[in-house]
Amino acid sequence: MKKTIVLMASVAMIATACKNKEEVYEVDVPSREQADAPFELGSPSDVKAEKGSFQMLGLNYEYNGLEPHMDALTVATHYGKHHLGYCNKLNETVAGTDLENLSIEEVLAKLDVNNATLRNNAGGYYNHNLFWEILGAKKGGNPTGKIAEKINAQFGSFDNFKAEFKKAGTGVFGSGWVWLVVKDDQSLAITTTANQDNPLMSNATIKGTPIIGLDVWEHAYYLKHKNKRADYIDAFFDLLDWGKINEKLQ
Ligand SMILES: [Fe+2]
């Protein structure tokens, strides 16, 4: 890294901070070549929880594996920064408590929704695990197997289901999630939650086991789609791994 001496002689700054003395700072400035070099994204397998019982589960694809529907920088940032942040804070929050050795589903079912730190980070950890699990390279298309039958029976057609899911997603005000859940009576329901809440929490309007989760926080789509959340939802459907969703349905 090229070292450059920068002479800071700003009258205002020095007047307040340096009592009329000049101050010299040595700072690292990237060369032109470094600035132009591609950002090193690394690999999902490098992303590890700092410590604790909840671990990062990895991805079934590399960061660029979901292109062109989801760009590598978004996936790398979303998984390696946002998701990892929830995982680390969840571990910190449950350390030394009875929750430490429970499954994440048990933590979600038991947690006190007035405990905002636990609620946000346990939700963030679980929600993102599901989000990444049900996406895949060269997936999308029409549903298959049991989930196809259930969607057709309940929504009339896959197109109807997509339209309803998309409407729910574009209708979330601010940050949140859209879900397809299986309720206790085995019927399907589309529902939404705010922030990092989910349908396993005691405060959920519609409770059920999520089999599809769509993150509609801006961090999930803003780099590629800017404010066009509807385009991001279309791209999400091009990535859905119906085989995995059928496994979740079992
Ligand atoms: Fe997210």
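Conventions we followed
Residues numbered from 1 in each chain as written. Predicted model: local features only at pLDDT ≥ 70, side-chain atom pairs only at ≥ 80, totals over all residues. Heavy atoms only, no water. Helix = DSSP H or I, 4+ residues; strand = E, 2+ residues; numbered from the N terminus. Buried < 20%, exposed > 50% of the residue type's maximum accessible area, 1.4 Å probe, protein only. Contact = heavy atoms within 4.5 Å. Areas by Shrake-Rupley, 256 points an atom, 1.4 Å probe, with all protein chains shown as cover. Donors = N, O, S within 2.8 Å, 3.2 Å for Na, K, Ca; no water. Axes fitted to C-alpha atoms, helices over the stretch in contact; angles between N-to-C directions. Parallel < 35°, antiparallel > 145°, perpendicular 65-115°, else oblique. Nonpolar A, V, L, I, M, F, W, Y, C, P; charged D, E, K, R; others polar. Pairing = 2+ DSSP bridges. pLDDT = per-residue confidence, 0-100. Expected span 1.5 Å × (residues − 1). Salt bridge = Lys/Arg side-chain N within 4 Å of Asp/Glu carboxyl O.

Along the protein, the regular secondary structure elements total ten helices and five strands. Buried positions account for 44% of the 250 residues belonging to the protein. Pairs at least 24 apart in sequence give 64% of the contacts found in the protein among residues at least 6 apart. By element, 50% of the accessible surface of the protein is carried by carbon and sulfur atoms, the whole surface being about 13,500 Å².

Here the focus is the coordination of the iron ion. Within the first shell, the iron ion binds the protein through H78 (NE2), H128 (NE2), D215 (OD) and H219 (NE2), at distances of 1.9 to 2.1 Å. In primary-sequence terms, the residues that donate to the iron ion follow H-x49-H-x86-D-x3-H. With H78 in helix 3 (residues 72-94) and H128 in helix 5 (residues 116-133), this residue pair connects regions lying 50 residues apart in the sequence. Comparing H78 with H128 shows no difference in burial state: the two are buried.

In this section: the packing of helix 6 (residues 145-155) against helix 7 (residues 158-171). Viewed as axis vectors pointing N to C, helix 6 and helix 7 meet at an angle of 75 degrees, and their least axial separation amounts to 8 Å. When the interaxial angle is binned, helix 6 and helix 7 end up roughly perpendicular. For the pair helix 6 and helix 7, the contacting residues are I151, N152 and F155 in the first and F158, N160, F161 and E164 in the second. A class-by-class count of the residues in the contact of helix 6 with helix 7 yields four nonpolar, two polar and one charged.

We now examine the sheet that holds strand 3 (residues 176-182). As a general point, the strands of a sheet are linked pairwise by backbone hydrogen bonds and lie either parallel or antiparallel. Strand order in this open sheet of three strands is 4-3-5, and the pairing throughout is antiparallel. The open sheet terminates on both sides in strands that have one partner only, identified here as strand 4 (188-194) and strand 5 (209-215). Mean inter-strand twist for the sheet, computed between neighbouring axes without regard to direction, equals 25 degrees. Bridge count between strand 3 and strand 5: six bridges; the pairing is antiparallel.

Relative to the helices and strands, N152 resides in helix 6. Judged by relative accessible area, which is 39%, N152 ranks as partly exposed.

Now for the confidence of the model for the protein. This prediction gives the protein a mean pLDDT of 89; 84% of its residues lie at or above 70. Contacts of residues 1-23 to residues separated by more than four positions or lying in other chains number 36 contacts, the stretch itself having pLDDT below 50.

With that settled, consider helix 5. Helix length check: helix 5, at 18 residues, gives a terminal C-alpha distance of 26 Å against a target of 26 Å (1.5 Å per residue), a fit within 8%. Burial analysis of helix 5 places 13 of its 18 residues in the buried class, which makes it a mostly covered element.

With that settled, consider the packing of helix 6 against helix 10 (residues 242-249). The N-to-C vectors of helix 6 and helix 10 enclose an angle of 80 degrees; their axes lie 7 Å apart at closest approach. Here helix 6 lies roughly perpendicular to helix 10, going by the angle between them. Residues G145, K146, I147, K150 and I151 of helix 6 lie in contact with helix 10, whose contacting residues are W242, I245, N246 and L249. Its residues placed into classes, the contact of helix 6 with helix 10 shows five nonpolar, two polar and two charged.

Scanning the model with the defined rule gives four salt bridges in all. Measuring nitrogen to oxygen at the nearest pair gives 2.8 Å for the salt bridge that ties R119 to D197. Linking R119 in helix 5 with D197 in the loop between strand 4 and strand 5, this pair joins segments that are 78 residues apart in sequence. Judged by relative accessible area, R119 falls into the partly exposed class, the value being 21%. Given a relative accessible area of 10%, D197 falls into the buried group.

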